[in-house]
Amino acid sequence: MKSPLLNKLSKTFWSKPQFNWLLLCLVSVLVVIALLGSSSSSAFNSVTSSVKPDIYTNYRKLKEQARSDYLELKSLSVGENQIKDVGLCGKERENYVPCYNVSANTLAGFKDGEELDQHCELSREYQYCLIRPPKDYKIPLSWPAGRDVIWSGNVKLTKDQFLSSGSIMKRLMLLEENQIAFHSQDGLIVDDVKDYSHQIAEMIGLGSDTEFLQAGVRTVLDIGCGFGSFSAHLLSLNLMALCVGAYESSGSQVQLTLERGLPAVIGNFISKQLPFPSLSYDMVHCAQCGIIWDSKDGLFLIEIDRVLKPGGYFILTSPITRQQGRSTSSKKGSMSTPLEEITKKLCWSLLEQQEETFVWQKTVDSECYTSGKQGMVPLCKGEDMQLYYQPLARCISGTGSNRWVPILSRSGSLNSTELKVHGVHLDDFFEDSGFWKSAVRNYWSLLSPLIFSDHPKRPGDDDPLPPYNMVRNVLDMNAHYGGLNAALLEASKSVWVMNVVPLGVHNTLPLILDRGFTGVLHNWCEPFPTYPRTYDLLHGNGLLSHLASQGCSIIELLLEMDRILRPEGWVILSDKLGPIEKVRMLATQIRWEARVIDLQNGSDQRLLVCQKPFVRK
């Protein structure tokens, strides 16, 4: 039985069939035209926002078009789809780091230090909001000045905490008004870090710390790096030093190191291995890092041995080791302490001890671990190429790896034989390098006019050059071979790169580390282990397509990127048109200025360039 509504429709359309059907067809055509016009307009905007790949000029027009695109997209998203901007988080989240909740971890039963580890499995509920900067936050000073002077309002560190923080280098950093300075007024470092670095070089057998590179030391893992002064000095020597420190809810020294623009990441190895493969670093350094190294039968030292390359050095400075050790300035003797017994089982040799500082060197002879001596640490079964926060292991790894190469035997750049070890063909490697050299030129010329949009330009003048400090650090979220890192160095850009290899792709992190760069494995379905406002530029090539195949939430990824990007920082994403357009629309929800750039190379690859605003409210 028909309803009254159906009877009414039947009578209406069948009483005058010719006229009504013509009317219905006309309405349908108009609706289709409207829909096609809307979609083609959106597609047209993305195409007409293209620029040439090698030359970016007319910077005022570029900036104006970017603003126009942003306002248009925002109007479309709010007006048609009823999508609202993401709100701001509460003040309590100004320094929020997801997955690090000591109270929740303790309630969940974690203890003996494991409550200080990251536990993302306990943080399933995601709060969709933007982390606001502190009330007194200011844009960091330009590099390299920002490495030595920071705004005190940018970090969660009180004046008393700062002034009471002592170290073996007797740091005497200055606190003047709203700034924290790491240099004295005459420009000299006042915490004796240069003398300390020179002392370590002499204990290794070098004439000066400028000879670290000649001794095969290119990469340094600094455990519990204090305020980063040692790392800053090593960077000035063209070494890559990465700080790894435990999470602190307040007064974080890691956060302060990051604010200086220095390489650092939250992490510890109380219960889990670090997110590095075996044979990763040339030197591991600990100065009063708070770890009792001979506890748990040397389990922590076994982890250091895992990440240390053959012939690499372990530097330990602590009053505890002095009490366990021998007299000052003694050399190559014997100690009947648990620490010395463990290092012997690891085939380490004690090079020298001076005061509170010890220097060990890892053996270059892999057969030392299979000599059958009583009490030797057993070998691991298999390799740890795809480690991601696995439990600490009581075994030696890396001895059977093709990457077992003494640090003094490594060349400055990877040759075809070394690339073959990583499963990379020489032609592919050079092609990748050439691509990133061109990309870096494009990126720099692209961002320069946007930054200098209000810069006065006289007729006939060239576009203003990019500033020396345009960015201090870059997070490459899908680093591949580390080509972006290499291209930035070759172009003499004053930046360092945190290379991230996502889970689920070919693990190229060993290759990146062997190139003398730094990086970590990371699952981008989870938050990145760093404090808010860490990076000046986030970069991802092909990341969106990869994460879509992994089933990760793109909006959660963008919120995480916003958390770790400093205000007025930049985002460059390269991917296919579909994922790029999707993220372009979502970017308006988190208040980013965003525009799509067509590379005009005949492919469906696009660049999405975004800038995070400085939201004070």
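Placed above this text is the structure.
For every chain, the first residue of the written sequence is number 1, and numbering continues from 1 onward in sequence order. pLDDT decides what is reported in this predicted model: residues at 70 or higher carry local features, side-chain atom pairs at 80 or more are listed and counted, and totals for whole chains, interfaces and linings draw on all residues regardless. Only heavy atoms go into the side-chain values, all of them from the structure, while hydrogens and water stay out.

1. Some points on the overall build of the chain
Where helices and strands are cited, they refer to DSSP runs of H or I of at least four residues and of E of at least two residues respectively, numbered from the N terminus. Along the backbone of the chain there are 19 helices and 17 strands. Residue burial is assigned from relative accessible area. The probe radius is 1.4 Å, only protein chains are included, and a residue is buried under 20% of its type maximum, exposed over 50%, and partly exposed in between. Here the chain holds 617 residues, and the buried ones make up 53% of them. The contact criterion used is simple: two residues touch if any of their non-hydrogen atoms lie within 4.5 Å. Considering only contacts in the chain between residues 6 or more positions apart, those separated by 24 or more positions represent 71%. Accessible surface, the chain as shown: approximately 28,300 Å² in total, 54% of it carbon and sulfur. Working definition of accessibility: Shrake-Rupley area with a 1.4 Å probe, residue cover restricted to the visible protein chains.

2. Remarks on the state of the cysteines
Throughout, a disulfide means two cysteine sulfur atoms within 2.5 Å of one another. Counting across every chain of the model gives seven disulfides. Cysteine 99 shares a disulfide with cysteine 120; S-S distance 2.1 Å. Here the S-S torsion is close to 110°, and the disulfide linking cysteine 99 with cysteine 120 is therefore right-handed. Of this pair, cysteine 99 sits in the loop between helix H3 (59–81) and helix H4 (102–107) while cysteine 120 sits in the loop between H4 and helix H5 (145–148), placing them 21 residues apart in sequence. Residue classification places cysteine 99 among the buried positions, given a relative accessible area of 4%. With a sulfur-sulfur separation of 1.7 Å, cysteine 525 is cross-linked through a disulfide to cysteine 552. Negative torsions about the S-S bond denote left-handed disulfides, and the value of about -55° found for cysteine 525 with cysteine 552 makes this one left-handed. Here cysteine 525 is found in the loop between strand S13 (518–522) and strand S14 (535–541), whereas its partner cysteine 552 is found in the loop between helix H17 (543–550) and helix H18 (554–564), with 27 residues between them in sequence. For cysteine 525, a relative accessible area of 38% corresponds to the partly exposed category. Taking the relative accessible area as the measure of exposure, cysteine 552 reaches 11% and is therefore buried.

3. With respect to the nonpolar core
Buried residues of nine kinds, namely Ala, Val, Leu, Ile, Met, Phe, Trp, Tyr and Cys, make up a nonpolar core once their side-chain atoms join them within 4.5 Å. Grouped together as the largest cluster of nonpolar side chains are 84 residues, with contacts concentrated most on Leu221, Trp293 and Leu475. Setting aside chain neighbours within four positions, we find leucine 221 in contact with Leu242, Val244, Leu274, Phe276, Tyr281, Met283, Val284, His285 and Val307.

4. Brief notes about the pattern of salt bridges
Opposite charge on two side chains lets them pair, provided their charged atoms get close. The salt bridge definition used is simple: a Lys or Arg side-chain nitrogen within 4 Å of an Asp or Glu carboxyl oxygen. If you walk through the whole model with that rule in mind, you get 15 salt bridges. Between aspartate 282 and lysine 309 there is a salt bridge; the shortest N-O distance is 3.8 Å. Of this pair, aspartate 282 sits in strand S7 (residues 281–287) while lysine 309 sits in strand S8 (residues 308–317), placing them 27 residues apart in sequence. A salt bridge links aspartate 598 to arginine 606; the shortest N-O distance between them is 3.5 Å.

5. A look at the pairing of S13
Where burial is concerned, most of S13 is hidden: five out of the five residues are buried. The side-chain alternation of S13 yields two buried faces, one formed by Thr518, Val520 and His522 and the other by Gly519 and Leu521. Two strands qualify as a pair provided that DSSP identifies no fewer than 2 bridges between them. Sheet topology note: the strand S12 (residues 496–502)/S13 ladder contains five bridges and is parallel. By the bridge assignment, valine 501 is partnered in S13 with leucine 521.

6. Description of the sheet that holds strand S9 (residues 348–354)
Sheet architecture is open: seven strands sit in the order S6-S5-S4-S7-S8-S10-S9, paired in mixed fashion. Bordering the open sheet on either side are strand S6 (264–266) and S9, each of which pairs with just one other strand. Here the average twist between neighbouring strands, direction ignored, is 20°. Taken together, the five bridges between strand S4 (residues 219–223) and strand S5 (residues 240–245) define a ladder with parallel strand orientation. By the bridge assignment, valine 220 is partnered in S5 with alanine 241. Between the N-to-C directions of two axes lies an angle of 0 to 180 degrees, each axis being a line fitted to C-alpha atoms and, for a helix, fitted only over the stretch in contact. Relative to S8, helix H10 (residues 299–307) is tilted by about 135°, and along the sheet it contacts S4, S7, S8, S9 and strand S10 (357–362).

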